[in-house]
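Results of the structural survey
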Amino acid sequence: DSYGLDTTGAPIADPEQDCSLVSGKQNDTHTIIRFKRHLDTCDRNHDMKLGGDTVRVIWATHDTDPALDGGELVGMIWHGKENRGVKSLHLLTPALKRGVARVARNREVWRRVHREFVVPDNMDTLYWCKIFKVPPLNRKHHMIGYEPLLEAGNEQYVHHMLLYECVVPHQFTTTEKIFQKYVTHPGAACYSPMMPQEWDQCMTAIVAWAVGSQGEFLPEHVGLPLADGDKAKYFMLEIHYDNPGFKKVKDNSGIRIHYTEDLRQYDGGILVNGITITPLHIVPPHQPEYKTAGYCNSDCTNRMFPQTGIKLVSVVLHSHLAGKKLRLRHIRNGKELPRVAEDDHYDFNYQQARVLPQEVSVLPGDELVTECVYQTHNRTEPTFGGYSTKQEMCLAFVLYYPRTPLAACYSMTPVKYFFETFGVRQFYDVDMDTIRNFLDLCTWIEHVLQIEFRIIASTTTTMTTPSFPTGPAGALDEEANERAISVLKQMKDFTVETVEGGGGAGGLFGELVIREPNEFRNRSFTSHLVELPWTEKLLTQRVEESLYSGKHMVFCRTHDDQLAIPLTITTFPNFTELSEQTNNKSHCEGKIKKSLRVGNTASTILDTVKVVLCLYLARD
């Protein structure tokens, strides 16, 4: 048990030895060590308290073992640049149950990939969508798990994949009538004019994979429906390609679906909670911590949940590069219950589903809050909500049962209230009601009416040339990709950075020129935000409190893209917060410090350095 210093150099033996070796074995290729320690060793000087947060495990190896001499490590040689690595883990999350799924009776596998798709070399962000039909099934089946299929060498380009169930509008009788003709379609830039309008009916996520995840297998009593009558027969696979290096890449990535005809006890579903994707989601620069939240109110859960409630099984917490701490909070009758999921060391590159230790019951009338804390001390301009990895999101994808008609429940700051927060009362050439109608309704309603707004698109895509390539069936062009990025249609996770260090709202806020009040007159709203003294703590606290705890407009959306309740503007709930769990004082106060034992020359050292766990494995 050792610790490191802020400077370079070998680890130092810890006076308090808190690790116990359980077993170990070694051959010509592997060293395997099994050890144990308390999650909280009470060593505040040199040990990290472990819990549900993401932990970065650092490892290093060397052919020569160090020795212990009088309690000091002697002869620990630097491992070099090659013999080391890092792995993010959820230490308290059960391991992925691949084996259970693979031995299940009557298990089948369905592979869906974008075959030979060419990621163009003159755009840094692209969403590509394609329709698939389930294999021929004569009755309802259950999906029991999924895994990513990432083409070797292309892992860095595939940012996320979502698989959506396609439904039919009420005036049509079957999904086959609408979607069968698109099964042979090569695909299109998502949500663009070239994407067939009917694909807008593919709205309900059943798979949400993001970078770093190994997939997920469902508990044995829950399955996601496949081929349920006319439902769950057609699906749309959306892949977000992140290509900051502007390289031309041929890709065959996709999803492997595990399913079975042996139906499980419950139909499951995916519920999205958080903040609507909108430039009104703003994160100031120069902040060590800045907090935002999306809200699902009691009106929505009262309307949509059965009387006995639903059970939450697992959660994927999702933000982008500025995300530092994420949590899904649960409120009942004005009091906060234990957090559903929480991560104070969020790692954008490790977005594995968190299987909950115990299923969480959410009842009608309960409220859910997805909260995100961002760190932007190295950014010089505001970061806005959007679709690129450099802009921001705040979402939770929740696996639950029994399935309900509810697909998503999230919120955004009402437009007028947003501008008032920044002291703006009036713009030139456009009144506040017009802006409110655009931003509020474009986020939700106007895409359904096929009203196209492209103001944001003019600055959201970074290009090296003024034109875009033409893909299969002419489906990829400038207008297509602009609208794919700009339309704030649904919970899609991307946008593209337009300012150094942050993500811009682009032409939208740049087009708005302030008329009132006088002190801000003739500034664009973008300039106004950039020029605010964000390093003044009182200003940032006021903005954070106003946008977090103030007014929210809540969207309660069903699987068929309808609003279950009318759009409502409500004040963020006033609730009694859950007190932070205190340390186990009796455990720590009664701890017996173990003396450092001098052992054999071959030793294994567990080194906890600040926020990382460092594992040095020496070959004997």
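Here the structure is a predicted model, which is why all the values come from computation and not from measurement.

Our next topic: the nonpolar core. Counting residues in hydrophobic clusters, the biggest one holds 99 residues, and the most contacted among them are Met236, Phe419, Phe422, Phe509 and Phe525. Residues contacting Phe525, with those up to four places away along its chain left out, are Phe418, Phe419, Phe422, Val424, Phe427, Phe509, Leu512 and Ile514.

Attention shifts here to the state of the cysteines. One pass over the structure, following the stated rule, counts five disulfides. Across the disulfide, Cys129 is cross-linked to Cys190 (sulfur-sulfur distance 2.0 Å). Looking along the S-S bond of the Cys129-Cys190 disulfide, the torsion reads about 110°, which is the right-handed sense. Highlighted residues: Cys129 in strand S11 (residues 125–133) and Cys190 in the loop between strand S14 (188–189) and strand S15 (202–210), separated in sequence by 61 residues.

The next point concerns the side chain of Lys130. Along the chain, Lys130 turns up in strand S11. A polar contact of 3.1 Å, which involves the side chain of Lys130, links it to the backbone oxygen of Val183. A polar contact of 2.9 Å, which involves the side chain of Lys130, links it to the backbone oxygen of His185. In this structure Lys130 touches His114, Val183, His185, Pro186, Gly187, Trp199, Phe235, Met236 and Leu237, once residues within four positions along its chain are discounted.

With omega at -10°, the peptide bond leading from Tyr401 into Pro402 counts as cis. Of note, Pro402 is situated in the loop between strand S31 (395–401) and strand S32 (406–412). Of note, the amide linkage connecting Glu516 to Pro517 takes the cis form, showing an omega dihedral of 10°. When you line up the elements, Pro517 lands in the loop between strand S34 (514–516) and helix H8 (525–531). Of note in the backbone geometry, His286 takes a positive phi value of approximately 65° without being a glycine. On the basis of relative accessibility, which here comes to 33%, the residue His286 falls in the partly exposed class. Phi is positive for Asn333, which is not a glycine, with a value near 50°. Within the fold, Asn333 resides in the loop between strand S26 (323–332) and strand S27 (335–343).

We now examine helix H9 (residues 537–549). For H9, spanning 13 residues, the distance from its first C-alpha to its last is 18 Å, which sits close to the expected 18 Å at 1.5 Å a residue. Its buried side turned inward, H9 meets strand S23 (282–283), strand S24 (290–296), S26, strand S29 (367–374), helix H4 (415–421) and strand S35 (551–558).

The subject of this paragraph is the pattern of salt bridges. Under the criterion given, the structure shown has 21 salt bridges. For Arg139, the salt bridge is made with Glu261, and the minimal N-O distance between the two is 3.9 Å. One end of the pair, Arg139, is in the loop between S11 and strand S12 (141–149); the other, Glu261, is in the loop between strand S20 (254–260) and strand S21 (266–267), and 122 residues separate them in sequence. Assessed through its relative accessible area of 40%, Arg139 is described here as partly exposed. A salt bridge links Glu516 to Arg521, with the nearest nitrogen and oxygen atoms 2.7 Å apart.

Calculation notes
- As a convention, each chain's residues are numbered from 1 in the sequence order in which they are written.
- Restriction of local features to residues with pLDDT of at least 70 applies here, the model being predicted, together with a cutoff of 80 or more for giving and counting side-chain atom pairs; totals for whole chains, interfaces and linings are based on all residues.
- Excluding hydrogens and water, the side-chain values take into account all heavy atoms of the structure.
- Within this scheme, the nonpolar core is defined by two criteria: the residues are buried Ala, Val, Leu, Ile, Met, Phe, Trp, Tyr or Cys, and they are joined through side-chain atoms within 4.5 Å.
- For each residue, the accessible area found with a 1.4 Å probe, counting protein chains only, is set against the maximum for its type, and the residue is called buried under 20%, exposed over 50%, and partly exposed in between.
- In what follows, residue pairs with any heavy atoms lying within 4.5 Å of each other are defined as contacts.
- Pairs of cysteine sulfur atoms within 2.5 Å are identified as disulfides in what follows.
- Working definition: helices are DSSP H or I runs of at least four residues, strands are E runs of at least two. Numbering for both runs from the N terminus.
- The definition of a polar contact used here is a pair of N or O atoms within 3.5 Å, where within protein one atom must be able to donate a hydrogen and the other to accept one, and adjacent residues in sequence count solely through side-chain atom pairs.
- Given the number of residues in a helix, its expected span is that number minus one, multiplied by 1.5 Å.
- Salt-bridge detection follows one rule: a side-chain nitrogen of Lys or Arg within 4 Å of a carboxyl oxygen of Asp or Glu.

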